[in-house]
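If you want the building blocks of each chain, they are given just below.
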Amino acid sequence: MTSDPASAQWRTIDGHPPSLLEYCREIHKYREVAYVLIRRDLIVRFRQTYFGLAWLLFKPLMLMAVMSFAFGFLAGFEKSHAAPYPLIIFCGVIPWYFFSNAVPDSMNSLLGHMHIIQKTYFPRAIFPIAAVVSDAIEFFVAWLLFALGCLWFGYLPGWQIVFFPLFCLQLIVLCTAIGLWLSVVNVQFRDIGNLVPFLLMIGFFVTPAGYTSIRIPEQWQMVYALNPLVGVIEGLRWSLLNGMDGFPRTPVILSLATTLAMGLIAVRHFLAVETDLVDLA
Amino acid sequence: MSDIVIDIVNLSKRYSLSHQRRPDSLKAWLRGLAKRGTSGDANHSAEEEFWALKDISLQVRQGECLALIGKNGSGKSTLLKILSRVIPPTSGQIRVRGRVASLLEVGTGFHPELTGRENVFLNGAMLGCPEREIRRRFDAIVDFSGVERFLDTPVKHYSSGMYVRLAYAVAAHVDADILVVDEVLAVGDAEFQRKCLAHMRQLASQQRTCVLVSHNIETIKQLATNVARLDSGAIAEAATVGSDLLDRYALPQ
């Protein structure tokens, strides 16, 4: 398939940061690398395991059981909800689980692949993006369990379910933005790699994963909702659990704003240092 | 002039030698900020500079095979890395025409847990070769590597020879207009090396352009059409392979 070089276009290598449009074209051109990386991540995760792909459902099932027990039974949060408690928990724990995997996975993706980055070129953003997507696949499969749960409890989601994909999309965008940004920051300042696990631990408590945000006192609601996951998770609950507690307008708007801001910071910073990555490492 | 496919213009690459100054932790960076606040930009002058490449200009025509020679640290690999877009130049530019495939190392991105077959596709994609192309050449790749019996075995169980042969086979079958090769031809046993050389010559006969780094004068004599000798980041001499440059270089000094 050799093209005739005489008719091929000149490409200039001068070390200038690419524009966003150019960069997106490059990513599209090398998209097959992303496919293989995602496939590799998923294969490696389940190869040499006895249960193989069944882990995709075991993990969320165990999470839901543990969290329902801890928050519903031990902490006594179970009362005062219309929808079945395990389903409420599921809508919080599964997005949190995805977030808390995707952020460190993508954050470490550039450092972890430095041996490749030093030897060949394709757009470096493919590594963090592929890391998020392979976690997102697990995330989506987990919702099968939610469907089973609905059958089990005889529960039928309402029309609001049409918004489900939008909240999922926002969550993926959020993880990608944070992951892109942290992945380059982690190359420059490796302190981040030590810091993030602690931040995630704190994050778990300020995210309505094991509880719902009605538990937060009225005067703190705005500050609380600055955590973009609040809007996403309450939005998911609203869309899947028949508009439970009404539409969470303030958290959703705040969350969209923080997600957008995060995305802008991430893209700007990433593009600025992308060509210099090997020299920075 | 229309057959030029690589045009290097005033290319330079600078490295800063002051490793302690480079902020590789947040603390160092903060300390640097504080220092800059009190003493201006004084610590910039303390940085020692090293020019890995200094004002290189060079052109390669279609179908040529350019061999870069020179002592360790003369800038050969830096030039190949810039050409492969792994690192950016500090100033100047390279213009290229056509698809570039870089072979700076054999088996870039090979994953130990994946089978030989899976790694062929992974490695192929990283070298910029679409999956359907790899699929079409799959038999040729396997044939070339001679590991067909172990194709569905994870490469962590391969011997180092098998590993390298499979990796080279993929790289050899990635169809590119311009091939950038860094000292990777010296892999496998004597028989496999003969196979590699024959393959490279065949590519040359198909008007593919090639830029390679090698310390092996015999390899260069067999493959290259042109030779450039680098010294301290600059081109000291450039000539055709038939000239006495190589012979003088091969002589112990």
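How each quantity is defined
Residues numbered from 1 in each chain as written. Chains lettered and ligands numbered in written order. Predicted model: local features only at pLDDT ≥ 70, side-chain atom pairs only at ≥ 80, totals over all residues. Heavy atoms only, no water. 1 Å grid on protein atoms, 1.4 Å probe; cavity = no way out; pocket = protein on both sides within 12 Å on 5 of 7 lines; lining within 4 Å. Points joined across faces, edges and corners; volume = space filled by probe spheres on them. Helix = DSSP H or I, 4+ residues; strand = E, 2+ residues; numbered from the N terminus. Pairing = 2+ DSSP bridges. Contact = heavy atoms within 4.5 Å. Buried area = accessible area lost by both parts, 1.4 Å probe. Salt bridge = Lys/Arg side-chain N within 4 Å of Asp/Glu carboxyl O. Polar contact = N/O pair within 3.5 Å; in protein donor to acceptor, adjacent residues only side chain to side chain. Nonpolar A, V, L, I, M, F, W, Y, C, P; charged D, E, K, R; others polar.

**Some details on empty space enclosed by the protein**
Residue and element names in this part refer to chain B.
So, step 1. Following the criterion strictly, the structure yields 6 cavities of 30 Å³ or more and no others.
So, step 2. What lines the largest cavity is simply Glu64, Cys65, Leu179, Met200, Leu203, Ala204, Arg208, Thr209, Cys210 and Leu223.
So, step 3. Secondary-structure elements contributing two or more residues to the lining of the largest cavity are helix 7 (190-205) and strand 7 (209-213).
So, step 4. Sort the elements by how many residues they give to the lining of the largest cavity and helix 7 lands first, with 3 residues.

**Quick look at the pairing of strand 1 (residues 4-16) of chain B**
All names here are of chain B.
So, step 1. Note that strand 1 and strand 2 (residues 49-61) share 9 bridges and pair antiparallel. Along strand 2, the bridge assignment pairs Leu11 with Ile56.
So, step 2. Both strand 1 and strand 4 (residues 91-97) contribute to a ladder of 5 bridges, which runs antiparallel. Bridge pairing in strand 4 links Val9 to Gln93.

**Section: the interface of chain A and chain B**
So, step 1. The interface of chain A with chain B comprises 44 residues on the first partner and 55 residues on the second.
So, step 2. Summed over both sides, the interface between chain A and chain B buries roughly 4,300 Å², with carbon and sulfur atoms accounting for 57% of that surface.
So, step 3. One can count 3 salt bridges joining chain A with chain B.
So, step 4. Between Glu26 of chain A and Arg85 of chain B there is a salt bridge, and its shortest N-O distance comes to 3.1 Å.
So, step 5. Counting the contacts that link chain A with chain B gives 7 residue pairs in polar contact (both at pLDDT 80 or more).
So, step 6. Listing elements by their share of the side of chain A that touches chain B, those giving two or more residues are strand 1 (10-13), helix 2 (31-46), helix 6 (114-117) and helix 13 (277-280) of chain A.
So, step 7. Looking at the side of chain A that touches chain B element by element, the count peaks at 8 residues for helix 2 of chain A.
So, step 8. In terms of residue class, the side of chain A that touches chain B is made up of 20 nonpolar, 11 polar and 13 charged.
So, step 9. Relative to strand 4 of chain B, strand 1 of chain A runs antiparallel, the two sharing 4 bridges.

**Things to note about the side chain of Ser74 of chain B**
So, step 1. In this structure, Ser74 of chain B sits in the loop between strand 3 (65-70) and helix 3 (76-83).
So, step 2. Residues contacting Ser74 of chain B, with those up to four places away along its chain left out, are Ala52, Leu230, Asp231, Ser232 and Gly233 of chain B.

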